[in-house]
Amino acid sequence: MSELERERGRHYTGILGPRGVGKTVLLKQLAAGRPEAFYLSLDTLARDTDVFEVVKKLHLDYGGRLFLLDEVHFQPGIDETLKKLYDFLDIRVCFTSSVALALHRSAYDLSRRIVLKFLYPFSFREYISFRAGTRIPPLTLDRIFNREWSPDHMRAGLHFESYLRGGLMPFGLDEPEPLTILERILATVIRKDIPATARLHTEEPDLIHKLVGFVGRSPVDGINYSSTAGNLGITKYKAEQYIDLLEKAFVLHRVFPRGTNVLKEPKVLMALPYRLLYKPYASALGGLREDFVVQTLRMAGRSFFYLKTTTGTKTPDYLLDDGKEENTVIEIGGKGKGREQFKGVTADRKIIFAHDDRTDGMRRPLFMLGFLA
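Residues numbered from 1 in each chain as written. Predicted model: local features only at pLDDT ≥ 70, side-chain atom pairs only at ≥ 80, totals over all residues. Heavy atoms only, no water.

(A) Representation of the overall build of the protein chain within the structure. A tally of helices and strands in the protein chain yields 13 helices and 13 strands. Looking at the protein chain as a whole, 52% of its 373 residues are labelled buried. If you take every contact in the protein chain between residues at least 6 apart in sequence, the share linking residues at least 24 apart comes to 63%. Entry remark: accessible area of the protein chain is about 17,300 Å², with carbon and sulfur atoms responsible for 51%. (Helix = DSSP H or I, 4+ residues; strand = E, 2+ residues; numbered from the N terminus. Buried < 20%, exposed > 50% of the residue type's maximum accessible area, 1.4 Å probe, protein only. Contact = heavy atoms within 4.5 Å. Areas by Shrake-Rupley, 256 points an atom, 1.4 Å probe, with all protein chains shown as cover.)

Set out below in structure tokens:
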């Protein structure tokens, strides 16, 4: 909130993030106490509404200077509309979308006009702040590797299970059954958000829903374009298209491989906690661990890859190599993982992030990644 209030200059600000994460609340907080501010929810307007003309009238007739446009992906040609607003009206605009938009690659050259920001669910550190009222400082990967954390960091592990069960979503703090809300959100994403941004045939939302179910019910290894295409009876091209749309809608994550002589198909995981719509917690736990790691690294802006061999030998799960710190290979798992996962792997650091509180050797508690700066 304070970051948005400090925004200066002519550029517009776009806030992208999953449904239920608090984007609408943020816009309404910005509007509060500002008579020059107007909030417009574009998903409630008819699709043929000329948003430029609506904003122009509110600006000229009612003195509107700050326009807060919610869920702009429902407006056809939103990139053209934003360009017209920027070029012809002396106003500020802050907008949101539940689908990641490629505005900087549009034909209307919005790169100097718009700054895009992402609003993610709570990190584990943020969740602890809201849930337990404890502000715990962030950690670098170096500090995690060197065990340079505080007793408060370790005590936070008591809340990790509730975080994985849905606590990372703001509504998970107050709702006893957050998965019921999440199920409705998923239906809205598939039935409304994705069709608003892509040309789909009538039957395709059903196929997309089935694809999400296939990912949710399957083990995490081996989920890629080919396996989803085979399961749904569609082409690999269509599987790639659907997975791309679901990633843009913050339902799935793709992680591409690093290695030699491998097919460049990504590993497909789920955004937390969607997997729990398809499996009970105990059965889903292995997948939830990887979902947590991938989502946490992405929220922290880290560059990472999954490791894959051509011989079927054991390898660690992921390589972090983004120039911020020494390159690191990590293995994710429960209590049984050990050094054999790292045989033949060269890296500056090797860490096993296990779902327990052991800190001996190369093992570190999985939840410590949730404090990553």
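(B) Spotlight on the packing of helix 8 (residues 160-167) against helix 13 (residues 281-299). With their axes 11 Å apart at the nearest point, helix 8 and helix 13 run at an angle of 90 degrees to one another. With respect to helix 13, the axis of helix 8 lies roughly perpendicular. Mapping the contact onto sequence places Phe160, Glu161, Tyr163, Leu164 and Arg165 in helix 8 and Tyr281, Leu285, Leu288 and Phe292 in helix 13. For the contact of helix 8 with helix 13, the per-class residue count stands at 7 nonpolar, no polar and 2 charged. (Axes fitted to C-alpha atoms, helices over the stretch in contact; angles between N-to-C directions. Parallel < 35°, antiparallel > 145°, perpendicular 65-115°, else oblique. Nonpolar A, V, L, I, M, F, W, Y, C, P; charged D, E, K, R; others polar.)

(C) Region of interest: the nonpolar core. The biggest cluster of nonpolar side chains holds 75 residues, and the ones touching the most others in it are Phe124, Tyr163, Leu252, Phe292 and Tyr318. Those residues in contact with Leu252 that lie beyond four places of it in its chain are Leu211, Val215, Ile243, Leu246, Glu247, Val268, Leu269, Met270 and Ala271. Of all hydrophobic cores here, the second largest spans 22 residues; its members include Leu42, Ile91, Phe95 and Leu103. (Core = buried A, V, L, I, M, F, W, Y, C linked by side-chain atoms within 4.5 Å.)

(D) Here's a closer look at the packing of aromatic side chains. Enumeration according to the criterion identifies 14 aromatic pairs in this entry. Taking the centre distance of 5.4 Å and the plane angle of 70 degrees together, the rings of Phe124 and Tyr163 count as edge-to-face. Of this pair, Phe124 sits in helix 5 (residues 124-132) while Tyr163 is found in helix 8, placing the two residues 39 residues apart along the sequence. Of the two residues, Phe124 and Tyr163, both sit in the buried class. Where Tyr127 meets Tyr163, the ring centres are 5.5 Å apart and the plane angle is 55 degrees; that geometry is what we call tilted. One end of the pair, Tyr127, is in helix 5; the other, Tyr163, is in helix 8, with 36 residues separating them in the sequence. Through a chain of ring-to-ring contacts, three or more aromatic side chains come together here, namely Phe124, Tyr127, Phe160, Tyr163, Phe292, Phe367 and Phe371. Stacked on the ring of Phe145, the Lys or Arg Arg349 has its end atom at 5.7 Å from the ring centre. The ring of Phe145 has Arg364 sitting right over it, with the charged end atom 5.7 Å from the ring centre. (Phe/Tyr/Trp six-rings, centres within 6.5 Å; stacked < 30°, edge-to-face > 60°. Lys NZ or Arg CZ within 6 Å of the ring centre and 35° of its normal.)

(E) Representation of the pattern of salt bridges in the model. Scanning the model with the defined rule gives 22 salt bridges in all. The closest approach of N and O atoms between Glu204 and Lys238, which form a salt bridge, is 2.9 Å. Of this pair, Glu204 sits in helix 10 (residues 204-217) while Lys238 is found in helix 12 (residues 236-248), placing the two residues 34 residues apart along the sequence. Relative accessible area serves as the criterion here: at 2%, Glu204 is assigned to the buried category. Its relative accessible area of 25% is what places Lys238 among the partly exposed residues. Between Asp360 and Arg358 there is a salt bridge; the shortest N-O distance is 2.8 Å. Residue class for Arg358 comes out partly exposed when judged on its relative accessible area of 37%. Several salt bridges converge on common partners, so that one network encompasses Asp244, Glu247, Lys248, Arg254 and Arg298. (Salt bridge = Lys/Arg side-chain N within 4 Å of Asp/Glu carboxyl O.)

(F) Highlighting the side chain of Thr296. Relative to the helices and strands, Thr296 resides in helix 13. If near-sequence neighbours (up to four positions away) are discounted, Thr296 is found in contact with Leu369 and Gly370.

(G) The packing of helix 11 (residues 225-232) against helix 12, seen in detail. Closest axis-to-axis distance for the helix 11/helix 12 pair is 8 Å, and the angle between their directions is 110 degrees. As judged from the angle between their axes, helix 11 and helix 12 are roughly perpendicular. Note on element contacts: helix 12 touches helix 11 through Lys236, Ala239, Glu240 and Ile243, opposite Tyr225, Ser226, Thr228 and Ala229. Across the contact of helix 11 with helix 12, the residue classes break down as 4 nonpolar, 2 polar and 2 charged.

(H) Highlighting the sheet that holds strand 3 (residues 66-70). Taken in spatial order, the 5 strands line up as 2-3-4-1-5 in an open sheet, and their pairing is parallel. Because the sheet does not close on itself, it has two edges, and the strands there are strand 2 (37-41) and strand 5 (114-118). Neighbour-to-neighbour, the strand axes of this sheet turn through a mean angle of 15 degrees, independent of strand direction. This element, helix 4 (residues 78-88), spans strand 1 (12-16), strand 3, strand 4 (92-97) and strand 5 of the sheet and lies at about 155 degrees to strand 1. (Pairing = 2+ DSSP bridges.)

(I) Representation of the sheet that holds strand 9 (residues 304-307) in the model. Read across the sheet, 6 strands follow the order 7-9-10-11-12-13 without closing on themselves; strand pairing throughout is mixed. Lying at the two open borders of the sheet, with one neighbouring strand each, are strand 7 (257-258) and strand 13 (363-365). Here helix 13 sits on the sheet and contacts strand 9, strand 10 (318-320) and strand 11 (328-333); the angle it forms with strand 11, its principal contact strand, is near 145 degrees.

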